[in-house]
Amino acid sequence: MRLKVVDAETKAPVSAGRRILRNIPWLLNWIEILAFIITRKRIGDRIAKTDVIAK
C-alpha cells in the first residue's frame, strides 16, 4: 500500500513507541471503526498525533 506514519505537525517519521500507541485503540474495535467512518481520522492517530501519508 506504500503508506507511512508521520508526525501530524512536522511530517517527520515517528518512533516505534508512537506507532504502538496509535494502535492501542484497536482493542476498542467497533468504536475505532465508527470514529473513522464519521471523522475520517482514527482515534489512535488523534492520541499519538500522527497522520498516514502515501510514500
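Refer to the preceding data block for the structure.
Predicted model, so just to flag it, every value in this text is computed and none were measured.

1. What about the pattern of salt bridges?
Reasoning step 1: Taken as a whole and assessed by the stated rule, the structure comprises five salt bridges.
Reasoning step 2: A salt bridge links Lys11 to Asp51; the nearest nitrogen and oxygen atoms lie 2.8 Å apart. In this pair, Lys11 is assigned in the loop between β1 (3-7) and α1 (16-23) and Asp51 in strand β2 (residues 50-54), connecting sequence segments 40 residues apart.
Reasoning step 3: On the accessibility criterion, Lys11 (44% relative accessible area) is partly exposed.
Reasoning step 4: Using a relative accessible area of 18% as the deciding quantity, one classes Asp51 as buried.
Reasoning step 5: Note that Lys41 is salt-bridged to Asp51, the shortest N-O span being 2.8 Å. Here Lys41, found in the loop between α2 (29-39) and α3 (43-48), pairs with Asp51, found in strand β2; they are 10 residues apart in sequence, far enough to count as distant.
Reasoning step 6: The exposure class of Lys41 is partly exposed, given its relative accessible area of 24%.
Reasoning step 7: One network of salt bridges, with partners in common, ties together Lys11, Lys41 and Asp51.

Conventions used here
- Residues numbered from 1 in each chain as written.
- Predicted model: local features only at pLDDT ≥ 70, side-chain atom pairs only at ≥ 80, totals over all residues.
- Heavy atoms only, no water.
- Salt bridge = Lys/Arg side-chain N within 4 Å of Asp/Glu carboxyl O.
- Helix = DSSP H or I, 4+ residues; strand = E, 2+ residues; numbered from the N terminus.
- Buried < 20%, exposed > 50% of the residue type's maximum accessible area, 1.4 Å probe, protein only.

Purely geometric stuff here, so don't read any function into it on its own.
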